Amino acid sequence: RKEVEQDPGPFNVPEGATVAFNCTYSNSASQSFFWYRQDCRKEPKLLMSVYSSGNEDGRFTAQLNRASQYISLLIRDSKLSDSATYLCVVNPGNTGGFKTIFGAGTRLFVKA
Amino acid sequence: DVKVTQSSRYLVKRTGEKVFLECVQDMDHENMFWYRQDPGLGLRLIYFSYDVKMKEKGDIPEGYSVSREKKERFSLILESASTNQTSMYLCASSSPTGSYEQYFGPGTRLTVT
């Protein structure tokens, strides 16, 4: 079993749609969680951190479920510019960020 | 504006050649990382460094070595390039405190023929 698993997609949605991605992780001692975004032929960039209480940044909402060991990303009112690959990222334990594990990513295509 | 730069965007080398990939960051970060990214496999950690002259193996270090002589520079070396090392190589840096956000360079697409 992979340490961090994501549905690879692709998700094809029309503009304005709401889309949700899930990600599961295997290490129950994992401490910090993130979503990164990677545009085609570009480097990954941090989209948002994921907090235990859930957090929202504009149209993006991230949630963490420690009991079931998954995190989610919800995108509301999708824009064409949201088309990208979304990477689920987990830091297992108190390792000073050294053992960050990246999921393989979920591809999103938003169509006009 | 934070910046991580890599020496080349595209590189083509022959099997058996020694290959150097350079990475420089201007954020005074202690941590630096080398990943390779392949379709369906995501980012896999090759090596990381938490201080000058310090290095640790990641998940796939075989066939690679690294060098960190200065805080801002982290080099990845392929001692004898092979075709299965054809990949996208990404360098990143982060601070060991705070959010652990990693800042990535633009990547080097290496093709070994």
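Model, not experiment: these values are computed from the prediction. Within every chain, residues take consecutive numbers counted from 1 along the sequence as written. Written order decides the labels, with chains lettered from A and ligands numbered from 1. In keeping with the predicted nature of the model, local features appear solely for residues at pLDDT of at least 70, side-chain atom pairs appear and are counted solely at 80 or more, and the whole-chain, interface and lining totals rest on all residues. As a rule here, side-chain values cover all heavy atoms of the structure and leave hydrogens and water aside.

Student: Any chance you could explain the overall build of chain A here in plain terms?
Tutor: Secondary structure is summarised from DSSP: a helix means a run of H or I of at least four residues, a strand means a run of E of at least two, and numbering begins at the N terminus for each. Counting its regular elements, chain A contains 0 helices and 11 strands. The order of α-helices and β-strands along chain A, N terminus first, is β-β-β-β-β-β-β-β-β-β-β. Every radius of gyration here is taken over C-alpha atoms, with the globule rule written as 2.2 Å times N^0.38, N being the number of residues. Relative to the 2.2 N^0.38 estimate, which gives 13 Å for 112 residues, the radius of gyration of chain A is 14 Å and therefore close to what a compact globule would have. Over its C-alpha atoms, taken along the principal directions, chain A stretches across nearly 45 × 30 × 25 Å.

Student: What am I meant to see in the interface of chain B and chain A here?
Tutor: The parts lose accessible area when they come together, and the size of an interface is often stated as this lost area. Contacts: residue pairs with any heavy atoms within 4.5 Å of one another. Chain B puts 22 residues into the contact, and the matching count from chain A is 20 residues. For any pair of parts, buried area is found by adding up, for both, the accessible area (1.4 Å probe) each one loses once the two are put together. For the chain B face of the interface with chain A, the top three residues by lost area are Leu43(B), Tyr100(B) and Phe104(B), together amounting to 30%. A 3.5 Å cut-off defines polar contacts: any pair of N or O atoms within that distance qualifies, except that in protein one atom must be a possible hydrogen donor and the other a possible acceptor, and neighbouring residues in sequence count only when both atoms are side-chain atoms. For the pair chain B and chain A, the interface holds 3 residue pairs in polar contact (both at pLDDT 80 or more). When residues in the side of chain B that touches chain A are grouped by element, the largest group, 5 residues, is from strand E5 (residues 42–51) of chain B. By the convention adopted, Pro, Cys, Tyr, Trp, Phe, Met, Ile, Leu, Val and Ala count as nonpolar, Lys, Arg, Asp and Glu as charged, and the other residues, Gly among them, as polar. Here the side of chain B that touches chain A is built from residues that sort into 12 nonpolar, 7 polar and 3 charged.

Student: What's the story with the sheet that holds strand E8 (residues 73–78) of chain B in this structure? I'm lost.
Tutor: Working definition: the strands of a sheet are paired by backbone hydrogen bonds and lie parallel or antiparallel to each other. Residue and element names in this part refer to chain B. Any two strands between which DSSP finds at least two bridges are classified as paired. If you walk across this open sheet you meet the 4 strands as E1-E3-E8-E7, and the pairing is antiparallel. Bordering the open sheet on either side are strand E1 (4–6) and strand E7 (64–70), each of which pairs with just one other strand. Geometrically, the sheet is characterised by an average inter-axis angle of 20° between neighbouring strands, direction not taken into account. A fitted line through C-alpha atoms represents every axis, and for helices the fit uses only the stretch in contact; the resulting angles, taken between N-to-C directions, go from 0 to 180 degrees.

Student: Teacher, can you tell me more about the packing of aromatic side chains here?
Tutor: The geometry of two aromatic rings is summed up by the distance between their centres and the angle between their planes. Any two rings among Phe, Tyr and Trp, with Trp reduced to its six-membered ring, count as a pair given centres within 6.5 Å; such a pair is stacked if its planes are under 30 degrees apart, edge-to-face if over 60, and tilted if neither. Tallied over the entire structure, the rule returns 12 aromatic pairs over all chains. Ring plane angle 65° and centroid distance 5.6 Å describe the contact between Tyr36(A) and Phe102(A), whose orientation is recorded as edge-to-face. Here the residue Tyr36(A) occupies a position in strand E4 (residues 30–38), and Phe102(A) occupies one in strand E10 (residues 101–102), the gap between them amounting to 66 residues. Each member of the pair, Tyr36(A) as well as Phe102(A), is classed as buried. Here the aromatic residues Phe34(A), Tyr36(A), Phe102(A), Phe33(B), Tyr35(B), Phe48(B) and Phe104(B) are joined through ring pairs into a cluster of three or more. Partly exposed describes any residue whose relative accessible area lies between the buried limit of under 20% and the exposed limit of over 50%, with all areas from a 1.4 Å probe on protein chains only and scaled to the type maximum.

Student: Can you walk me through the nonpolar core in this structure?
Tutor: Soluble globular proteins: nonpolar side chains tend toward being buried together. Phe21(A), Trp35(A), Ile71(A), Leu73(A), Ile75(A), Tyr86(A) and Leu108(A) are the most contacted members of the largest nonpolar core, which totals 24 residues. Contributions of two or more residues to this core are made by strand E3 (19–25), E4, strand E5 (44–50), strand E7 (60–65), strand E8 (70–75), strand E9 (84–92) and strand E11 (106–111) of chain A. In this structure, Cys23(B), Ile46(B), Tyr89(B) and Cys91(B) belong to the second largest nonpolar core, which totals 21 residues. Among buried residues, those of type Ala, Val, Leu, Ile, Met, Phe, Trp, Tyr and Cys that are joined through side-chain atoms within 4.5 Å constitute a nonpolar core.

Student: Please explain the state of the cysteines as it appears in this structure.
Tutor: Where two cysteines share a covalent bond between their sulfur atoms, that bond is called a disulfide. All names here are of chain A. Cysteine sulfur atoms that pair up within 2.5 Å are treated as a disulfide. One pass over the structure, following the stated rule, counts 2 disulfides over all chains. Here Cys23 connects covalently by a disulfide to Cys88, the sulfurs 1.9 Å from one another. Of note, the bridge from Cys23 to Cys88 carries an S-S torsion of about -70° and is left-handed in sense. Placement of the pair is Cys23 in strand E3 and Cys88 in strand E9, with a sequence separation of 65 residues. Overall, Cys23 belongs to the buried group, its relative accessible area being 0%. Look at Cys88 and you get buried, because its relative accessible area is 0%.

Student: I tried to follow the pairing of strand E11 (residues 108–112) of chain B on my own but got confused; where do I start?
Tutor: For a regular strand, side-chain orientation follows a simple rule: the groups alternate between the two sheet faces. Residue and element names in this part refer to chain B. Judged by which residues are buried, E11 turns out to be one-sided: Thr108, Leu110 and Val112 face inward and are buried, whereas Arg109 and Thr111, on the alternate face, are not. Two elements, strand E2 (residues 10–13) and E11, share 4 bridges in a ladder whose sense is parallel. Looking across to E11, one finds that Tyr10 is bridged to Arg109. Pairing of strand E9 (residues 87–94) with E11 involves 3 bridges; the strand directions are antiparallel. Looking across to E11, one finds that Tyr89 is bridged to Thr108.

Student: Help me understand the sheet that holds E8(A), please; the structure alone is not making it clear to me.
Tutor: Residues and elements named next belong to chain A. As summarised here, the arrangement of the 5 strands in space is E1-E3-E8-E7-E6, forming an open sheet in which the pairing is antiparallel. Every interior strand has two partners, whereas the edge strands, strand E1 (4–6) and strand E6 (55–57), have only one. Shown here is a sheet whose adjacent strand axes are inclined to one another by a mean of 20°, direction ignored. In terms of strand pairing, E7 meets E8 through 6 bridges, oriented antiparallel. Each bridged residue has a counterpart across the sheet, and for Ala62 the counterpart in E8 is Leu73.

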